[in-house]
Amino acid sequence: MNYARMPIEIESPEQMGYENVKFNLTESSVTDMKLGDLNLNLQELIIAYGDHIGHFKLRELIAKDAGVTPEDVLLTSGAATALFIVSTTLLGKNDRILVEHPNYATNIETPRAIGAHIDFLELQFENGFSLPSVNDIEGKIKPNETKFLSVTVPNNPTGTVISRPDLDKLIALTKDKGITLLVDETYRDMTFANVLPVAASLDTHVVSVSSLSKTYGLPGIRMGWLICQDKKLMTKFLAAKEQIMICGSVVDEEIAYRYMLTRNERLPLILNEIQARFQIIKEWMNESNQYLEWVEPQGGVVCFPRIKVDVNPEEFYNVLNNKFKTFVGPGHWFEMDKKFMRIGYGWPTIEELKEGLKNITSTIEVCLKKTN
């Protein structure tokens, strides 16, 4: 494994220090919860090794929502660990992975660290960041080399969502080619309309990955999972987990279980708050359309607009960060042109969001004056 730190982690607000970021529009989640707000009493919890697969009652809840059995669910330390397990299980050096781009960095960097070859399904701004046609995707699958196809729905950083017919086509194509389909569903519960089924519930060669970090504001308990109905593959995934960590934290899993008992009451409130914030960013984009262009997201709490006027990207981020104390996810976090930026609108307060968006517009205007 040839590990390399990712820019999205090096430059993350938690590494810079939250106290140094006045207007934080980098986050791809809702606002973090306080432990006290969960009103939990864990005094009787025994701090022992837990079930290696994970808290059974929590897996029952996840499985019920997904339409699978608890045995099809493996709990992991966040979705990132689930993605790591999948890549290290399915890929070896010089194998190939087909992954959509732009994408969450771990979906790309872990295969790179393994020494696998990465073939990209490029999501083009001019094409609404939509997936290429099935024929184009099929043409990129190399027999006996491509081990799996990886997509993220809704996509991070664009917020775009594939249709059910397109998902069905991907499932059929990968099954016909004898490769695994990995669907990162971390943002699934934040889909604005027509929520897709959990992909792993639709066929045995599909793996779904998700977590409680983004939609539910619980990244600190590091609770994710992967779902797969292929028993042999699940045994390999469990073996990987056991070699990495033996089992998950029983404290994290108990907190997650208690939270998930109230999920159905909490989720509508979360979705209403997301929509209120989405309206704010839509209005801002309409007001700023002389400077910015976007593909309107269909889910999640991020968007990926592009600066369409002639400014120096380095100067833009320098002014935005140092003069206006405002931070976004620059395009290079996703190996994209720096005129793209990921804006997270679910994490900051409403006031911080409005001010941060205003600061982006002001920064562009400052840079245009310098250019002229």
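See the structure printed just above.
Rules and cut-offs
Residues numbered from 1 in each chain as written. Predicted model: local features only at pLDDT ≥ 70, side-chain atom pairs only at ≥ 80, totals over all residues. Heavy atoms only, no water. Core = buried A, V, L, I, M, F, W, Y, C linked by side-chain atoms within 4.5 Å. Buried < 20%, exposed > 50% of the residue type's maximum accessible area, 1.4 Å probe, protein only. Helix = DSSP H or I, 4+ residues; strand = E, 2+ residues; numbered from the N terminus. Contact = heavy atoms within 4.5 Å. Pairing = 2+ DSSP bridges. Lys, Arg positive; Asp, Glu negative; His and termini not counted. Salt bridge = Lys/Arg side-chain N within 4 Å of Asp/Glu carboxyl O. Polar contact = N/O pair within 3.5 Å; in protein donor to acceptor, adjacent residues only side chain to side chain. Phe/Tyr/Trp six-rings, centres within 6.5 Å; stacked < 30°, edge-to-face > 60°. Lys NZ or Arg CZ within 6 Å of the ring centre and 35° of its normal.

Our focus in this paragraph is the nonpolar core. Among the nonpolar cores identified, the biggest contains 58 residues, and Ile343, Ile360 and Ile364 are the most heavily contacted of them. Among the elements that take part in this core, helix H10 (residues 263–287) stands out by supplying 8 residues, more than any other. Not counting the four nearest positions on each side in its chain, Ile360 is found in contact with Leu25, Trp284, Phe316, Leu320, Val328, Met341 and Ile343. One finds Ala105, Leu149, Val161 and Phe340 within the second-largest nonpolar core, a separate group that totals 32 residues.

Moving on: the sheet that holds strand E13 (residues 329–330). Paired through backbone hydrogen bonds, the strands of a sheet run either parallel or antiparallel to each other. Read across the open sheet, the 3 strands follow the order E10-E14-E13; overall the sheet is antiparallel. Every interior strand has two partners, whereas the edge strands, strand E10 (302–303) and E13, have only one. Where E10 and strand E14 (residues 341–344) come together, 2 bridges link them in antiparallel fashion. Counterpart to Cys303 in the pairing with E14 is Ile343.

What follows covers the side chain of Glu100. Following the sequence through the fold, Glu100 ends up in strand E3 (residues 96–101). Buried Glu100, no salt bridge; nearest opposite-charge side chain is Arg342, N-O distance 12 Å. Of note is the side chain of Glu100, whose polar atom sits 2.7 Å from the backbone nitrogen of Thr152. Leaving out residues up to four positions away in the same chain, Glu100 has contacts with Leu121, Leu123, Leu131, Ser150, Val151, Thr152 and Asn155.

A separate point is the pattern of salt bridges. In total, this model carries 19 salt bridges according to the counting rule given. Across the pair Asp51 and Arg59 runs a salt bridge whose closest N-O atoms are separated by 3.5 Å. Taking the relative accessible area as the measure of exposure, Asp51 reaches 37% and is therefore partly exposed. Glu273 is paired through a salt bridge with Arg277; the nearest N and O atoms lie 2.9 Å apart.

Let's shift gears to the environment of Ser12. Note that Ser12 resides in the loop between helix H1 (7–10) and helix H2 (13–16). C-alpha of Ser12 to C-alpha of Thr76: the two residues are 64 residues apart in sequence and 22 Å apart in space. Here Glu9 takes part through its backbone oxygen, which lies 2.9 Å from a polar atom of the side chain of Ser12.

A few words on the packing of aromatic side chains. Inspection of the entire model under this criterion finds 11 aromatic pairs. Arranged with centres 6.0 Å apart and planes meeting at 35°, the rings of Phe278 and Tyr345 form a pair that is tilted. Linking Phe278 in helix H10 with Tyr345 in the loop between E14 and helix H12 (350–371), this pair joins segments that are 67 residues apart in sequence. Comparing Phe278 with Tyr345, the two get one shared label, buried. Measuring from ring centre to ring centre gives 4.9 Å for Phe316 and Tyr317, while their planes differ by 75°; the resulting arrangement is edge-to-face. Note on accessibility: Phe316 and Tyr317 belong to one class, buried. Above the plane of the ring of Phe125 lies Arg306, whose end atom (NZ or CZ) is 4.1 Å from the centre.

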